[in-house]
Amino acid sequence: MSIPTLISGASQILTLRGRGPRRGAALANIGIIKNAAVLIADGLIAAVGSRAQVEAHPMASGAQQLNATGRVVLPGFVDSHTHLIHAASRANEYELRITGASYEEIAKHGGGILNSVSKLRAATSDTLKQRAHLALKQFAAYGTTTVEAKSGYGLDLVSELKILKLHKELCTEQPLDIVSTFLGAHVIPAEFRTQKSGVKKYVSLLINKLIPEIASQKLAEFCDVFCERGAFNLAQSKQILEAGKRFGLRPRIHAEQLSRTGGAQLAVKLGAASCDHLEKINRVDIRALAKSKTTATLLPGCDFHLGLKQYAPARELIDAGAIVALATDYNPGTSPTVSMPMILSLACTQLRMTPAEAITAATINSAYSLGRDKQIGSLELGKLADISIFDVDDYRDIPYYFGMNTCHTTIKRGQIIYSKSQRSTT
Ligand SMILES: [Zn+2]
C-alpha cells in the first residue's frame, strides 16, 4: 500500500458530485466546497469534503501533504474526442485557408484528411508513437487525465491496425488512460476513389474485414463514422455503425459539421454513445438529442481554427435538456490543440456556456460519453484519483485566461504526472 496523499488548502474544490450525466440546469451544478480537502489512497479517492471531515479520516494523519493553497482543485479533464495518432502538422493548408481556399476545396485537391493518410501510411510505428507520447505529456500539462483516440488516418487494414495497436501500447507506457475508437470510415481512401463502385467496395471492406478483425483483437471499444458530404452518407454511416454494433463496438458519429446530413438523428436511433460537432443541427435534431441518452459533444476548437462563424447551438441543446460534452478534437487539420482550458474559453465566449457548464461538459459528461462516469469525471469516494489543480483561486479564471496555461498540477490514479513547480526546479 502506498502512502496516502492529502490535498488541502484549496480555495475551491469542484467535486462534480451527484448523478451524472448532467442535463439542463444541472449542468451548472459543479459541487463546490470551500475550505475542503481530498484524501487519496491507492490511486483512489478515499475521502472528499470539508477539511475537518477529511482530516478526521483514519488514513489522513499519516498522509503526505499536497498544499493547494489559493488554488482550484477539480477532476482531471476527460477529452472524449481526439485524433491522437497522426504523422505531421498541416500548417501549409492552414495558410491556404487564410488566403481564401475552403476546407472542402483543399480536400478535393488531395489535401485534408487524405494528406494525413499518405503521411501516416509512410510513417513507422516508432515515429508515430514518439509524436503521440509528446502530445500526451502536453495533454497532462493542461489538466487532462483521460483521452479518447480515434484511428482514421490509415484507411487500410495494416495502417488502421498500426494506429489501434499504438493506442493499446501507449495506454500501458504512459499514465493517461486512452479509450480507443475505430474510425475507418473517416473518408474514402484515394485508391478506392478511382475504382468503379469504389465507395461500395470500401464500405464492404470496413464491414466484412476491418470491423471483425479489430473486434476480434479487442483493439477498440467504439466505432465512429464521418457522416458528411464528401465522406460517408447517411445510409453508409448506418450500415457501418450497425456492423460495428454487431461486433460489440458502440457507435459514435461525426455529424452535422459542414452540412446537415441527418447524422444526429441516426445517432439517436442507433443509441450512439456520442454525436459530435453539430454546428448545422436544427430544432428537430435538438429535440431528438434532448430526449436521448446520446451525448452531444461540441468541438469549438474546430470552428475557431477553421475561422468559421457558425458554432454549435450549445445554449439550445442545454436548455432543451441534451447531455452536452466538450472535447478538443485534437487533429492536424482542423483543431491542433491539446488544451482543454482553451476549449473551455471558446465554449464560454463562442457557445455562451457558463464556466460551470463548460467544466461539467469537460469532466462528468465527457466521462459518461466514454462509458466511464462511474470511474472518473467527478471527485467522489471510490473513484479514480484523477485530479487537476489550477493556479487560480476561482474556477471562472480557468476559461477566463485564454491561450495561457494555468494548470499547476495533474494527478493520475493518485500519482503526480505533471507539476509546474517541479518542472521549473529541474
Ligand atoms: Zn474528429
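Source: prediction; values computed, not measured.

Peer 1: It is not clear to me how the overall build of the protein should be interpreted in this structure. Could you clarify?
Peer 2: Counting its regular elements, the protein contains 18 helices and 18 strands. The globule rule puts the C-alpha radius of gyration for 426 residues at 22 Å, and the 21 Å found for the protein is close to it. The dimensions of the protein, computed from C-alpha atoms along their principal axes, are 70 × 45 × 45 Å. Looking at the protein as a whole, 60% of its 426 residues qualify as buried. Put simply, 71% of the contacts in the protein that link residues at least 6 apart link residues at least 24 apart. Split by element, the accessible area of the protein, about 16800 Å² in all, is 54% carbon and sulfur. Here the protein carries 49 positive and 36 negative side-chain charges, and the mean point of each set is 4 Å from the other.

Peer 1: Can you walk me through the nonpolar core in this structure?
Peer 2: The tendency in soluble globular proteins is for nonpolar side chains to be buried side by side. Core analysis: the biggest nonpolar cluster contains 105 residues, and Leu-84, Ile-240, Leu-317, Leu-326 and Met-353 have the highest contact counts within it. Residues Val-38, Ile-45, Leu-66 and Ile-387 belong to the second largest nonpolar core, which totals 16 residues.

Peer 1: For this particular structure, what's the right way to read the packing of helix α6 (residues 157-173) against helix α8 (residues 198-216)?
Peer 2: Relative orientation and spacing of two packed helices are given, respectively, by the angle between their axes and the distance between those axes. Where α6 meets α8, the axes come as close as 11 Å, and the angle between the chain directions of the two elements is 25°. By the angle class used here, α6 and α8 are roughly parallel. In terms of crossing hand, the pair formed by α6 and α8 is right-handed. Every residue of α8 that contacts α6 at Leu-157, Glu-160, Leu-161 and Leu-164 is listed here: Lys-209, Leu-210, Glu-213 and Ile-214. The residue inventory of the contact of α6 with α8, partitioned by class, reads five nonpolar, no polar and three charged.

Peer 1: For this particular structure, what's the right way to read the sheet that holds strand β6 (residues 64-67)?
Peer 2: By way of backbone hydrogen bonds, the strands of a sheet pair with one another, either parallel or antiparallel. Here four strands make up an open sheet; going across it, the order is β5-β4-β1-β6 and the pairing mixed. Every other strand in the sheet has two partners, leaving β5 (44-50) and β6 as the edge strands with one partner each. Put simply, the sheet's adjacent strands are angled 20° from each other on average, direction ignored. In this structure, strand β4 (residues 36-41) lies alongside β5, joined through six bridges in antiparallel fashion. Its bridge partner lying in β5, Leu-39 is registered against Ala-47.

Peer 1: I keep staring at the pattern of salt bridges and nothing clicks. Help me out?
Peer 2: For the structure shown, the criterion picks out 22 salt bridges. Between Glu-357 and Arg-315 there is a salt bridge; the shortest N-O distance is 2.9 Å. Pair noted here: Glu-357 is in helix α15 (residues 355-362) and Arg-315 is in helix α13 (residues 314-320), with a separation of 42 residues, a long-range link. Salt bridges sharing common partners tie together Glu-148, Lys-150, Asp-224 and Arg-252.

Peer 1: What am I meant to see in a nonpolar patch on the surface here?
Peer 2: A cluster of nonpolar side chains, Tyr-400, Tyr-401 and Met-404, forms an exposed patch at the surface whose accessible area comes to about 340 Å². Along the chain, Met-404 falls in the loop between α17 (397-400) and β17 (407-412). Residue class for Met-404 comes out partly exposed when judged on its relative accessible area of 45%.

Peer 1: Help me out: how do you make sense of the environment of Leu-351 in this one?
Peer 2: Mapped onto the secondary structure, Leu-351 falls in the loop between α14 (340-349) and α15. Taking the C-alpha atoms as reference, Leu-351 lies 10.0 Å from Glu-316; in sequence the two are 35 residues apart.

Rules and cut-offs
- Residues numbered from 1 in each chain as written.
- Predicted model: local features only at pLDDT ≥ 70, side-chain atom pairs only at ≥ 80, totals over all residues.
- Heavy atoms only, no water.
- Helix = DSSP H or I, 4+ residues; strand = E, 2+ residues; numbered from the N terminus.
- Rg over C-alpha atoms; globule rule 2.2 N^0.38 Å.
- Buried < 20%, exposed > 50% of the residue type's maximum accessible area, 1.4 Å probe, protein only.
- Contact = heavy atoms within 4.5 Å.
- Areas by Shrake-Rupley, 256 points an atom, 1.4 Å probe, with all protein chains shown as cover.
- Lys, Arg positive; Asp, Glu negative; His and termini not counted.
- Charge placed at Lys NZ, Arg CZ, Asp CG, Glu CD.
- Core = buried A, V, L, I, M, F, W, Y, C linked by side-chain atoms within 4.5 Å.
- Axes fitted to C-alpha atoms, helices over the stretch in contact; angles between N-to-C directions.
- Parallel < 35°, antiparallel > 145°, perpendicular 65-115°, else oblique.
- Left-handed = near helix turned anticlockwise from the far one by under 90°.
- Nonpolar A, V, L, I, M, F, W, Y, C, P; charged D, E, K, R; others polar.
- Pairing = 2+ DSSP bridges.
- Salt bridge = Lys/Arg side-chain N within 4 Å of Asp/Glu carboxyl O.
- Patch = residues over 30% accessible without salt bridge, like charges linked within 9 Å, V, L, I, M, F, W, Y side chains within 5 Å.

So yeah, pure geometry; function would need other evidence.
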